[in-house]
Amino acid sequence: MPLTLTLSQGTASQQIQQKPMEVLCYLASQYPALVTREQLIDAVWDGNVYVGEKALTNTIWQLRQALTPFGQAELIATVRKKGYRLQQAPLMTPASVSNRHTASPPAAPVVAPHPASPGKVRWLHWRWSGWIAALSILCCAMLYWGWPAAAPSLSQITRQQGWSMFPTVTPDGRYLVYSWQQFGQPADLFLRDLQQPDSAARQLTFTPLDELRPVISSDGQTLYYSSKSPLDGRCQIHQLALQTLQEQTLQTCGRHGDVYLDLSPDNKYLYFNGSRDAQGRSWYRLDLQQKNPQAEAMPCHDNCEQRVRDIAVQPNGPFIALTRRANRLSEEVFLYDPQTGRERQLTSGQSDIRGMAWSPDGRQLIYSTESNGRSLGFVLDIHSGKQSAIPVDDVSFVSRVTADRQLYFHRDSSVPQLGYVPLHTASAVFPLSAGDLSYQAPDFHQGRQQLIYISNENSANENGSSELWLADRQLLQKQQLTRLNGVIKYPRWSHRGDRVLFVSRSANSLHDRLTILDVATGKLSFPDTRIQVHGRPGWTADDQAVLLPVQGKLIRFDLQNGQKATMSQGSGNYAQMPDERGFYYTKGRGQGIWWQALQQGKPAGAPVQIISGDAFSESYSWLATPTQIFYLQAVKDGVEVWVKQLADQQPRRLVVLPAGQTDLAANLAYDEAGQRLLLQYSPVPRIDIWRWQLP
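Everything in this summary refers to the structure shown in the same document.

Cut-offs used in this document
- Within any chain, residue numbers begin from 1 and follow the written order of that chain's sequence.
- In keeping with the predicted nature of the model, local features appear solely for residues at pLDDT of at least 70, side-chain atom pairs appear and are counted solely at 80 or more, and the whole-chain, interface and lining totals rest on all residues.
- Heavy atoms throughout the structure, all of them, feed into the side-chain values; hydrogens and water do not.
- Under the DSSP-based scheme used, a helix requires at least four consecutive residues in state H or I and a strand at least two consecutive residues in state E, with every element numbered from the N terminus.
- Think of it in three bands: with a 1.4 Å probe and only protein chains considered, a residue is buried below 20% of the maximum accessible area for its type, exposed above 50%, and partly exposed in between.
- Contact between two residues is taken to exist if any of their heavy atoms lie within 4.5 Å; hydrogens are not considered.
- Using the Shrake-Rupley algorithm and a 1.4 Å probe, accessible areas are obtained, with residue cover drawn only from the displayed protein chains.
- Definition used in this section: a nonpolar core is a set of buried Ala, Val, Leu, Ile, Met, Phe, Trp, Tyr and Cys residues joined via side-chain atoms within 4.5 Å.
- Expected span of a helix, by definition, is 1.5 Å for each gap between consecutive residues, and there is one gap fewer than residues.
- Each reported salt bridge corresponds to a side-chain nitrogen of Lys or Arg within 4 Å of a carboxyl oxygen of Asp or Glu.
- In this scheme Phe, Tyr and Trp rings, the latter by its six-membered ring, pair at centre separations within 6.5 Å, and the angle between planes marks the pair as stacked below 30 degrees, edge-to-face above 60, and tilted otherwise.
- When DSSP finds two or more bridges between a pair of strands, those strands are recorded as paired.
- Counting of polar contacts relies on pairs of N or O atoms within 3.5 Å, with two restrictions inside protein: one atom must be capable of donating a hydrogen and the other of accepting it, and residues adjacent in sequence are counted only when both atoms are side-chain atoms.

Glancing now at the overall build of the protein chain. When helices and strands are tallied, the protein chain shows 5 helices and 57 strands. Out of the 695 residues belonging to the protein chain, those deemed buried represent 56%. Contacts spanning at least 24 positions in sequence make up 45% of the contacts within the protein chain whose residues lie at least 6 apart. Counting every atom, the protein chain has about 29900 Å² of accessible surface; 49% of that belongs to carbon and sulfur.

See below:
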């Protein structure tokens, strides 16, 4: 029903947002004509091309998500590079003869089974008498054009240069605390009075570290946050009195990755995530009533192979929402019951959760997730499992909902692109791609002079999934290689250039698969590694096996017979093998890059550190060739690009890139003929705090 923003079929119904309903009604009013994107933007977004271009694709995706439970995900057809049309006509059912002269006004659109086609769903079905049938399209159009103006529900809170991130709000809704990072400077915490929007924000922290992800106690007096060194990732958790700015360090938190915090409603416990221990425990709590609290590991009974990342404590109930991350392919939301220690999975098919918050009544969980370079927000009812999309672009790190249901989050509009650093000048990143579509994970084959990458470039694919693509070295002569309709990560050319190795996961699967593509035939194979979650794989020099991280060690997985052999002494999380002499690998953050020599395919001698942990503190942002190693290193002012010629003792810095412009977990690729280093980057975005009124 348009007036109540409801889709229904029989007794089942689902609410959608205003924009998706307006788009649906407009498509119905134009049936059977093709409706161009320009028409929809003009009609629904008042011709605002800047907003509409980005919002329309997301709105179509929301509609298809809403239609899926009724079996009608394909109701809206995409006509490539032209627009959209409905696949079925809006059908009219004549009224009975006895009611012909006393027909009531036409009912609003409902979802109902077609009498001539049992089991199918009929959309936009009006019950009206025959003489009104001719007015049906006009009625829908009038409904659309006469739509009452909605009260403003989205407002921008900060308008500062740099990045305003990770908002939290005092319980009375008056003060906003957030992390602000000016370009080339560390991130500090600031406090803003929301009742005096024109007044300057008050700075709370003054250190060379990045202060991130604050949470506020329920009495509004105390702030908890993490600090992180941009150089080596070292982390601490702090307590700050908002009145006096007296600070106390509570806990160190390692260098495993981002640290997420939340408080129990009674302010007794502070929860935070951490590294997995031998029992699979990966989140902790501090008893704040103790003078010198010690971190207590939370027991794990379910999903212990996946590390806890984000934590959100239910405001008025017993549950704690957790996100568990297997890798960058898979991160889902779980509901933890402290009484039993058991967990219930709430989402499926997600890949990168970016913040969670509870509604004030504790019935809904609001979260955001990254998909193909875009951040999308959702509202999930934890009892019914029903989920609806937030009709706002670029929702990232939702972190707090006030008592009057105001949701605070930051908007990150960056979209990953491909670029290159010319090695002869090394002055900046030069773009290979640009626009609203995402381009990620490049790898270049020297012999073929061709590039593989991941992109959602196929505009006919409105479900948001990305696929593997092939192009020449200038990103021209493009060819789509896969149609998996799922998630793809970590593509790498074989040394011969006949196959591509990557990790994939289908939309409805909880586990990923090692995947190999034969480029000539397009055939996919899925070697059975008997591993549910794969780390980043690499080819052996003969292309007959794959080097995989498994339970903290590197193994060689033979593609012919499936045999596994341990290759690393101690830990190992990513390996590259440019030739048969041996392989390079990383052990984890802050441990540098190592070399392991081979004899007859087996490790020979002790590993040798090639680049120190001080010089390279990341894990994945490096590339080894037979003669040199390229790598990225985060520094105070940005990200440095380095090259080490293996014949030389000292590495050479090529260029310093702005902070946030490169992904320190993405592939690097080397174009030897063009003397270029290819990488994934994002044009420097502006990130601000926004507020949206939950329905």
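A few words on the nonpolar core. Leu7, Val23, Leu27, Leu40 and Ile76 are the most contacted members of the largest nonpolar core, which has 26 residues in total. Counting residues per element, the ones that place at least two in this core are α1 (18-30), α2 (37-44), α3 (49-67) and β5 (83-86). Core analysis: the next-biggest nonpolar cluster, separate from the first, contains 18 residues, Val429, Leu654, Val655 and Tyr681 among them.

Turning next to α1. With 13 residues, α1 extends 19 Å between its outermost C-alpha atoms, agreeing within 8% with the 18 Å of an ideal straight helix rising 1.5 Å per residue. Counting buried residues in α1 gives 10 out of 13 residues, a clear majority hidden from the surface. Looking only at α1, the buried set comprises Pro20, Met21, Glu22, Val23, Leu24, Cys25, Tyr26, Leu27, Ala28 and Ser29.

Before going further, it helps to spend a moment on the environment of valine 655. The topology assignment puts valine 655 in strand β54 (residues 652-658). Residues valine 655 and glutamate 640, 15 residues apart in the sequence, show an inter-C-alpha distance of 5.9 Å. In this structure, valine 655 is in contact with Val421, Ala426, Ser427, Ala428, Val639, Glu640 and Val641, ignoring residues within four places of it in sequence.

Throughout the structure, instances matching the rule amount to 23 salt bridges. One salt bridge in this structure joins arginine 473 and aspartate 671, with 2.5 Å as the shortest N-O distance. Taken together, the positions of arginine 473 in the loop between β36 (467-472) and β37 (479-480) and aspartate 671 in strand β55 (residues 668-671) put the pair 198 residues apart, joining distant regions of the chain. With relative accessibility at 23%, the residue arginine 473 sits in the partly exposed group. A salt bridge links arginine 589 to glutamate 618, with the shortest nitrogen-to-oxygen separation between them at 3.0 Å. Of the two residues, arginine 589 sits in the loop between β47 (582-586) and β48 (593-599) while glutamate 618 sits in the loop between β50 (608-611) and β51 (622-624), which places them 29 residues apart along the sequence. We classify glutamate 618 as buried; its relative accessible area is 7%. Because the salt bridges share partners, they merge into one network encompassing Arg309, Arg325, Glu331, Asp352 and Arg354.

Within this structure, the stated rule accounts for 18 aromatic pairs. Aromatic pair tyrosine 574 and tryptophan 622: ring centres 5.4 Å apart, planes at 65°, arrangement edge-to-face. On the criterion of sequence distance, the pair formed by tyrosine 574 in strand β46 (residues 574-579) and tryptophan 622 in strand β51 is long-range, its members being 48 residues apart. Just as tyrosine 574 is buried, tryptophan 622 falls in that class too. Counting every residue linked through ring pairs, the aromatic cluster contains Tyr269, Tyr271, Trp283 and Tyr336.

Our focus in this paragraph is unusual backbone geometry. With omega at 5°, the peptide bond leading from tyrosine 31 into proline 32 counts as cis. Within the secondary structure layout, proline 32 lies in the loop between α1 and β3 (35-36). One non-glycine residue, glutamine 449, adopts positive backbone phi at about 55°. For glutamine 449, a relative accessible area of 26% puts it in the partly exposed group. Unusually for a residue other than glycine, leucine 475 sits at a positive phi of about 65°. Owing to a relative accessible area of 4%, leucine 475 belongs among the buried residues under this scheme.

Here strand β30 (residues 395-401) lies mainly inside the structure; 6 of its 7 residues are buried. Pairing of β30 with strand β31 (residues 406-412), which is carried by 4 bridges, proceeds in the antiparallel orientation. Considered in β31, the bridge of valine 401 is made with leucine 407. Count of turn residues in the β30/β31 antiparallel hairpin: 4 residues, of which arginine 405 carries a positive phi of about 65°.

Now for the side chain of aspartate 262. Counting through the fold element by element, aspartate 262 comes out in strand β18 (residues 261-263). Residue classification places aspartate 262 among the buried positions, given a relative accessible area of 7%. Among the polar contacts listed, one links the side chain of aspartate 262 to the backbone nitrogen of valine 313, at a separation of 2.7 Å. Here aspartate 262 is in contact with Val215, Tyr269, Leu270, Tyr271, Ile311, Ala312, Val313 and Arg400, once residues within four sequence places are set aside.

Turning next to the sheet that holds strand β44 (residues 553-558). Reading across the sheet, the 4 strands line up as β42-β43-β44-β45 and stay open at both edges, with antiparallel pairing between neighbours. Strands at the two margins of the open sheet, each flanked by one partner only, are β42 (538-539) and β45 (564-566). Where strand β43 (residues 545-550) and β44 come together, 6 bridges link them in antiparallel fashion. For proline 549, the partnering residue across the bridge sits in β44 and is leucine 554.

Pairing is antiparallel in the open sheet, where 4 strands are placed in the order β33-β32-β56-β55. Both outer strands of the open sheet, β33 (430-431) and β55, are each paired with one neighbouring strand and no more. In this structure, strand β32 (residues 417-422) lies alongside strand β56 (residues 676-681), joined through 6 bridges in antiparallel fashion. Note that in β56 the partner of glutamine 417 across the bridge is tyrosine 681.

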